[in-house]
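Below are the chains, spelled out letter by letter.
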Amino acid sequence: MLQDKTILLGVGGGPLTSTAVEVLRTLQRAGAGVRVVISAETETFVPGLTFRSLADGDVIMPGDLYGRMGAQDFHSLHGLVKNADGLVVVPATPALIAKAAAGLADEALVRAMLLHDGPTVFAFVARAAEYRHPLARHNVQRLRDAGMILCDAGVAETDDAADELGWNIAAATVVDAVAAALRQTTVLSGRTVIITAGPTQEPIDPVRHISNTSSGKTGFALAEAARQRGAEVVLITGPTHLQAPAGVTCVPVRTAVQMRDAVRQHVAAADVVIKSAAVSDFRPATAIADKIKKEDATLSITLERNPDILAELGAAKGNRVLVGFAAETRDLLANAKRKVSKKALDLIVANDVSDPAIGFASDHNRVHLIDAAGGVEPLPVMSKRALAETILDRVQAVLTQRQGGTA
Ligand code: PMT
């Protein structure tokens, strides 16, 4: 998995900085090329010369960002990051974790984290008290929600100082986490994934429409996660306030019919379609060209059915992996199961939208995943980003099974 990969090693400063040297050598032994960015504290513990002697190529020094670094050097940091398959930070100290969680790019290493768009692994080490502190837990959760991988040694048995220095994180554990992160990228790598997101708006007149409260967060999280796993992502989205993730082809639409047209335009190339959009089932039979005056209006609007995009996709499914969503307020599992068989889905994400704290517009959701065989997997409340990762794990399992091999 690591053979011929390029790994960017970010080296933090602390008693476990020497572990970064071991990680560097272990990655190289596994066939990876390793480039290094060191942090402001690194050289207090291990001289930069050690990394300069061992790394494959330049080592970016911490002061280089705004100190000695000119525009040309910044381009070299950019170049160094751009071609990297993965980034691993060892040791990821509480300070680096906090800076990363805040996107505080005041040194080259954090800048590299922001520039990198592939998998990122943090080998998190801290003293037990710091590790347990709510602020540290909060920062770690923010990184997890952003799709980063945390690899840690766990909390030490006691808070005793001697013991703290005794606990450790093995280089092999860190390298395994990097390999696993890269493995995740390869199953979807180069595959085309269509994701629909957000609500649709069905115009009544030029200033009014029928819509729903979908924010697009779920679909955008899926798009970003799929992109980070190496997929070519086409994000077909109804109106939202969100910015499309980098590297994703974004196709903005307004109505269900426009969404269907966009899906039809891209579906031939797609290996996976994930329909997280909340599509209006109905639209006004006639959209009025001028704003309706209250004196002119009747109190009823005649509606007609919109096309069922997911059902159309299911009817012409081919070898594609098809994932639907179900938003229900009652009989969640029975209704969702019916949709799986009726629309030839490989997976449905069933959410009970009767609870306003989860689902529509919230940052979190609690869903059941139901597969083609009717197997039900209840998931706990989780961030939409974590949910996106879980859905993509299941998509990858279907793809892997279909190609009859291992990931
Ligand atoms: O956007 P967020 O704020 O993050 O909220 C996420 C969400 C709650 C919108 C999402 O989790 C969700 O449940 N999306 C599907 C909502 C929905 O339309 O459910 P449904 O049961 O009405 O539709 C079932 C499936 O058919 C969905 O995959 C939907 O995209 C699809 N559909 C529905 C109607 C239609 N005319 N065409 C379709 O393709």
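Read on for an overview of the structure. (Residues numbered from 1 in each chain as written. Predicted model: local features only at pLDDT ≥ 70, side-chain atom pairs only at ≥ 80, totals over all residues. Heavy atoms only, no water.)

1. Points about the pattern of salt bridges
Note the threshold: Salt bridge, as used here: a side-chain nitrogen of Lys or Arg that lies within 4 Å of a carboxyl oxygen of Asp or Glu. By the criteria applied, helices consist of DSSP H or I runs no shorter than four residues and strands consist of E runs no shorter than two, each listed in order from the N terminus. Exposure classes here rest on a 1.4 Å probe applied to the protein chains alone. A residue is buried below 20% of its type maximum, exposed above 50%, and partly exposed in between.
Enumeration according to the criterion identifies 16 salt bridges in this entry. The shortest N-O distance in the salt bridge between arginine 260 and glutamate 312 comes to 3.1 Å. Note that arginine 260 is positioned in helix 12 (residues 256-267) and glutamate 312 in helix 13 (residues 309-315), a separation of 52 residues in sequence. Since its relative accessible area comes to 32%, glutamate 312 is described here as partly exposed. One salt bridge in this structure joins aspartate 346 and arginine 402, with 2.7 Å as the shortest N-O distance. Of the two residues, aspartate 346 sits in the loop between helix 14 (332-342) and strand 16 (347-352) while arginine 402 sits in helix 15 (residues 384-402), which places them 56 residues apart along the sequence. Looking at aspartate 346, the relative accessible area reads 9%, which means it is buried.

2. Observations concerning the nonpolar core
Let me state the cut-off plainly: Among buried residues, those of type Ala, Val, Leu, Ile, Met, Phe, Trp, Tyr and Cys that are joined through side-chain atoms within 4.5 Å constitute a nonpolar core. In this description, contact between two residues means that some pair of their heavy atoms is separated by no more than 4.5 Å.
Core analysis: the biggest nonpolar cluster contains 34 residues, and Leu2, Leu9, Leu27, Val36, Phe51 and Val88 have the highest contact counts within it. Elements supplying a minimum of two residues to this core: strand 1 (6-11), helix 1 (17-29), strand 2 (33-38), strand 4 (86-92), strand 5 (120-124) and helix 10 (171-188). Discounting residues that sit within four places of it in the chain, phenylalanine 51 has contacts with Val11, Thr17, Ala20, Val21, Leu24, Val36, Ile38, Thr42, Val46 and Val59. If you look at the next biggest cluster of nonpolar residues, it comprises 33 residues, including Val187, Ala197, Val321 and Ile391.

3. Overview of the packing of helix 5 (residues 94-102) against helix 6 (residues 108-115)
The following threshold applies: Axis definition: a line fit to C-alpha positions, over the contact stretch in the case of helices; interaxial angles, taken between N-to-C directions, run 0 to 180 degrees. Each angle receives one of four descriptions, namely roughly parallel if under 35 degrees, roughly antiparallel if over 145, roughly perpendicular if within 65 to 115, and oblique otherwise. Two helices cross in a left-handed way if the nearer one is turned anticlockwise from the farther one by less than a right angle. They cross in a right-handed way if the turn is clockwise. Under the scheme applied here, ten amino acids are nonpolar (Ala, Val, Leu, Ile, Met, Phe, Trp, Tyr, Cys and Pro), four are charged (Asp, Glu, Lys and Arg), and all others, including Gly, are polar.
The contact between helix 5 and helix 6 brings their axes to 10 Å, and the two run at 45°. As far as their axial angle goes, helix 6 and helix 5 are oblique. For the pair helix 5 and helix 6, the crossing hand works out as right-handed. When helix 5 is examined against helix 6, the residues Leu96, Lys99 and Ala100 are found in contact with a partner set consisting of Leu109, Val110 and Met113. Across the contact of helix 5 with helix 6, the residue classes break down as five nonpolar, no polar and one charged.

4. So, the site of the ligand
We count it as follows: Residue proximity to a molecule or strand is established when one non-hydrogen atom of the residue lies within 4 Å of it. For this analysis, a polar contact is any N or O atom pair within 3.5 Å, provided that within protein one partner can donate a hydrogen and the other can accept it, and provided that sequence-adjacent residues contribute only side-chain to side-chain pairs. Working definition of accessibility: Shrake-Rupley area with a 1.4 Å probe, residue cover restricted to the visible protein chains.
In the vicinity of the ligand, 28 residues are found, and the nearest of them are Ser214, Ser215, Thr218, Lys339 and Ala361. Within the contact set of the ligand, an oxygen atom lies 2.6 Å away from a side-chain nitrogen or oxygen of serine 215. Compared with its free state, where it exposes 770 Å², the ligand has 95% of that area covered by protein. When contributions to the shell around the ligand are tallied by element, the ones reaching two or more residues are helix 11 (217-228), helix 13 and strand 15 (321-328). Of the residues forming the shell around the ligand, the biggest block, four residues, is contributed by strand 15.

5. Side note on helix 11
The α-helix advances 3.6 residues per turn, and as a result positions three or four apart in sequence lie on the same side. Short version of the rule: Take the residue count of a helix, subtract one, and multiply by 1.5 Å to get its expected span.
Compared with the 16 Å implied by 1.5 Å per residue over twelve residues, the 16 Å span of helix 11 between its first and last C-alpha is a close match. Within helix 11, burial applies to Thr218, Gly219, Phe220, Ala221, Leu222, Ala223, Ala225 and Ala226. Structurally, helix 11 contributes buried residues whose contacts are with strand 7 (192-197), strand 10 (232-237), strand 12 (272-275), strand 15 and helix 15. Downstream of helix 11 by one or two residues, glycine 230 has phi in the positive range, about 95°.

6. Here we look at the sheet that holds strand 19 (residues 376-378)
Applicable threshold: For two strands to count as paired, DSSP must find a minimum of two bridges between them.
Taken in spatial order, the eight strands line up as 11-10-7-12-15-16-18-19 in an open sheet, and their pairing is mixed. In the strand order of this sheet, the two ends are held by strand 11 (249-252) and strand 19, each with one partner. The mean angle between the axes of side-by-side strands here comes to 15°, regardless of whether they run parallel or antiparallel. Of the strands in this sheet, strand 12, strand 15, strand 16, strand 18 (367-371) and strand 19 are in contact with helix 15, which crosses strand 15 at around 145°.

7. Looking at the sheet that holds strand 2
Sheet architecture is open: six strands sit in the order 3-2-1-4-5-6, paired in parallel fashion. Looking at strand neighbours, the two that pair on one side only are strand 3 (59-60) and strand 6 (149-152), the edges of this open sheet. Contacts between helix 8 (residues 134-145) and the sheet are confined to strand 5 and strand 6, with strand 6 contributing the most and set at about 135° to the helix.

8. Considering the side chain of threonine 120
Tracing the sequence through the fold places threonine 120 in strand 5. Dropping the residues within four chain positions of it, threonine 120 is found in contact with Leu87, Met148 and Ile149.

9. A closer look at unusual backbone geometry
Look at the link from valine 90 to proline 91: it is a cis peptide, with omega at -15°. Among the structural elements, proline 91 can be located in strand 4. Although it is not a glycine, aspartate 331 adopts a positive phi angle of roughly 45°. Along the chain, the position of aspartate 331 falls in the loop between strand 15 and helix 14. On the accessibility criterion, aspartate 331 (54% relative accessible area) is exposed.

The analysis is restricted to geometry; functional conclusions fall outside its scope.
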